[in-house]
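What the coordinates show
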Amino acid sequence: MSDHSTDLRETVRQRYAAAAVQVTEGRSACCGPQAVEVDDNFGSTLYAADERDALPAEAVAASLGCGNPTAVADLHEGERVLDLGSGGGIDVLLSARRVGPAGKVYGLDMTEEMLALALANQKRAGATNVEFLKGTIEAVPLPADTVDVVISNCVINLSTDKPAVFDEMFRVLAPGGRIGISDVVADDSLTPAQRAERGDHVGCISGALSFAEYRRGLEAAGFTGIELTPAHAVADGMHSAIVRAVKPATATAIGTAPSPAVEASTCCG
């Protein structure tokens, strides 16, 4: 990894570590935690009220994503799910409710503070079909063919090695598995320099792929049935988009699982 990529990852880690601490320290004896400051394009307002009300306030307050991937992925009872960049755990806990006791949900994050918050939220929610892992989304600490669905909420745009992320999603999915992702995606007409004019990397803007780049990346990893649908604007020419794709039922993953002792980008706003 280049020095620039390492610096960007550390900037992302610091940003979301600070967000986790803010939520944790925002608690008081009489009221709930303070929400992380985001605008209407990011955060817990993108979830239905009944979903928010069913979760610990701390999980809702730490929500920094640009969509609701648990709805995008259309999860079913008994499925195994991986959330890339799980943050405070909102999408993991919602997924756990959808897949039920027969299912399993993994949350992956690189930030110690977010993982600590997520584990506390898991305990508050009483979720027993959940496991949080420390690792990077470029080197997922799970064996091949482990999960049925990969979800992610505004995290892949933060990666400095997106081909590795796409390869890892393909690897950990069982044949016939699918992805259901919310991510920031740019119009094809915007150059990387123009994307950078609209926002910084840690704010989920300058690191975003274009629609064509995203499609090519998924195709190169082996995915089929690729759909990229803009949901709402987050900046001029930049969109929160729904990303769906399938690992062919006849596909086999290449490579072995990375060591669990690695560190993953978390979410954004």
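The following paragraphs examine the structure supplied in this document. No experiment lies behind these values; they were computed from the predicted model shown.

A separate point is the packing of aromatic side chains. Taken as a whole and judged by the stated rule, the model has two aromatic pairs. Ring geometry for Phe-166 and Tyr-214: centres 5.4 Å apart, planes at 45°, overall tilted. Taken together, the residues Phe-166 in helix 7 (residues 162-172) and Tyr-214 in helix 9 (residues 211-221) connect sequence positions 48 residues apart. By the burial criterion, Phe-166 is buried, and Tyr-214 matches it. Relative to Phe-223, the ring of Phe-170 has its centre 5.2 Å away and its plane inclined at 90°; by these criteria the two rings are edge-to-face. You can see Phe-170 sitting in helix 7 and its partner Phe-223 sitting in the loop between helix 9 and strand 6 (224-235), a full 53 residues away along the chain. On the basis of relative accessibility, which here comes to 10%, the residue Phe-170 falls in the buried class.

In this section: the pattern of salt bridges. A complete count under the given rule lists 10 salt bridges for this structure. Residue Arg-171 pairs with Glu-168 through a salt bridge whose shortest N-O separation is 2.8 Å. Of this pair, Arg-171 and Glu-168 are both found in helix 7, three residues apart, which corresponds to roughly one turn of the helix. Side by side, Arg-171 and Glu-168 carry an identical accessibility label, which is buried. Between Asp-236 and Arg-198 there is a salt bridge, and its shortest N-O distance comes to 3.3 Å.

Summarising the element assignment, Asp-200 is placed in the loop between helix 8 (192-198) and helix 9. For Asp-200, a relative accessible area of 44% gives the class partly exposed. The residues touching Asp-200, leaving out its near neighbours within four places in the chain, are Ile-205 and Ser-206.

Our focus in this paragraph is the nonpolar core. In terms of nonpolar packing, the biggest core is built from 33 residues, with Leu-82, Met-169, Ile-179, Tyr-214, Leu-218 and Phe-223 touching the most fellow members. Elements with a minimum of two residues in this core: strand 1 (80-84), strand 2 (104-109), strand 4 (147-153), helix 7, strand 5 (173-186), helix 9, strand 6 and strand 7 (238-246). With five residues, helix 7 is the largest single contributor of residues to this core. Beyond its immediate stretch of four places on either side in the chain, Tyr-214 contacts Ile-156, Phe-166, Ile-181, Asp-183, Val-185, Leu-209, Leu-228 and Val-243. Core analysis: the next-biggest nonpolar cluster, separate from the first, contains 15 residues, Ala-73, Val-99, Ala-118 and Val-149 among them.

Turning our attention to helix 9. Restricting attention to buried positions, one finds in helix 9 the residues Phe-211, Tyr-214, Gly-217, Leu-218 and Ala-221. Down the axis of helix 9, the smallest arc covering the buried residues is 130°, so these residues share one side. Exposed residues lying more than 90 degrees from the buried face of helix 9 are Arg-216 and Ala-220. At the exit of helix 9 stands Gly-222, carrying a positive phi of roughly 115°.

Quick look at the pairing of strand 6 now. In regular strands, side chains alternate between the two faces of the sheet. Sheet topology note: the strand 6/strand 7 ladder contains eight bridges and is antiparallel. Across the sheet, residue Thr-224 finds its bridge partner in strand 7, namely Val-246. Connecting strand 6 to the next strand, strand 7, in antiparallel fashion are two residues, including Gly-237 with a positive phi near 80°.

With that settled, the discussion passes to unusual backbone geometry. With a phi close to 60°, Asp-145 is a non-glycine residue in the positive phi region. Among the secondary structure elements, Asp-145 is positioned in the loop between strand 3 (130-134) and strand 4. Its identity as a non-glycine residue notwithstanding, Cys-204 has a phi of 75°, on the positive side. Note on placement: Cys-204 falls in the loop between helix 8 and helix 9. Note on Cys-204: relative accessible area 0%, which makes it buried.

With that settled, consider the packing of helix 7 against helix 9. Interhelical geometry of helix 7 versus helix 9 gives an angle of 45° and a closest axis separation of 9 Å. It follows from the interaxial angle that helix 7 and helix 9 lie oblique. As helix 7 packs across helix 9, the resulting crossing turns out to be right-handed. Two secondary-structure elements touch here, helix 7 through Phe-166, Asp-167, Met-169 and Phe-170 and helix 9 through Tyr-214, Gly-217, Leu-218 and Ala-221. Across the contact of helix 7 with helix 9, the residue classes tally to six nonpolar, one polar and one charged.

Moving on to the sheet that holds strand 4. Pairing is mixed in the open sheet, where seven strands are placed in the order 3-2-1-4-5-7-6. A strand with exactly one partner marks an edge of an open sheet, and here the two such strands are strand 3 and strand 6. Neighbour-to-neighbour, the strand axes of this sheet turn through a mean angle of 15°, independent of strand direction. Two strands pair when backbone bridges link them, and strand 4 and strand 5 are joined in this way by six bridges, in the parallel orientation. By the bridge assignment, Asn-153 is partnered in strand 5 with Ser-182. On top of the sheet, helix 5 (residues 90-99) reaches strand 1, strand 2, strand 3 and strand 4; it is set at about 170° to strand 2, its chief contact. Running at roughly 150° to strand 5, helix 7 makes contact with strand 1, strand 4 and strand 5 of the sheet.

Calculation rules
- Residues numbered from 1 in each chain as written.
- Predicted model: local features only at pLDDT ≥ 70, side-chain atom pairs only at ≥ 80, totals over all residues.
- Heavy atoms only, no water.
- Phe/Tyr/Trp six-rings, centres within 6.5 Å; stacked < 30°, edge-to-face > 60°.
- Helix = DSSP H or I, 4+ residues; strand = E, 2+ residues; numbered from the N terminus.
- Buried < 20%, exposed > 50% of the residue type's maximum accessible area, 1.4 Å probe, protein only.
- Salt bridge = Lys/Arg side-chain N within 4 Å of Asp/Glu carboxyl O.
- Contact = heavy atoms within 4.5 Å.
- Core = buried A, V, L, I, M, F, W, Y, C linked by side-chain atoms within 4.5 Å.
- Arc of directions from axis to C-beta.
- Pairing = 2+ DSSP bridges.
- Axes fitted to C-alpha atoms, helices over the stretch in contact; angles between N-to-C directions.
- Parallel < 35°, antiparallel > 145°, perpendicular 65-115°, else oblique.
- Left-handed = near helix turned anticlockwise from the far one by under 90°.
- Nonpolar A, V, L, I, M, F, W, Y, C, P; charged D, E, K, R; others polar.

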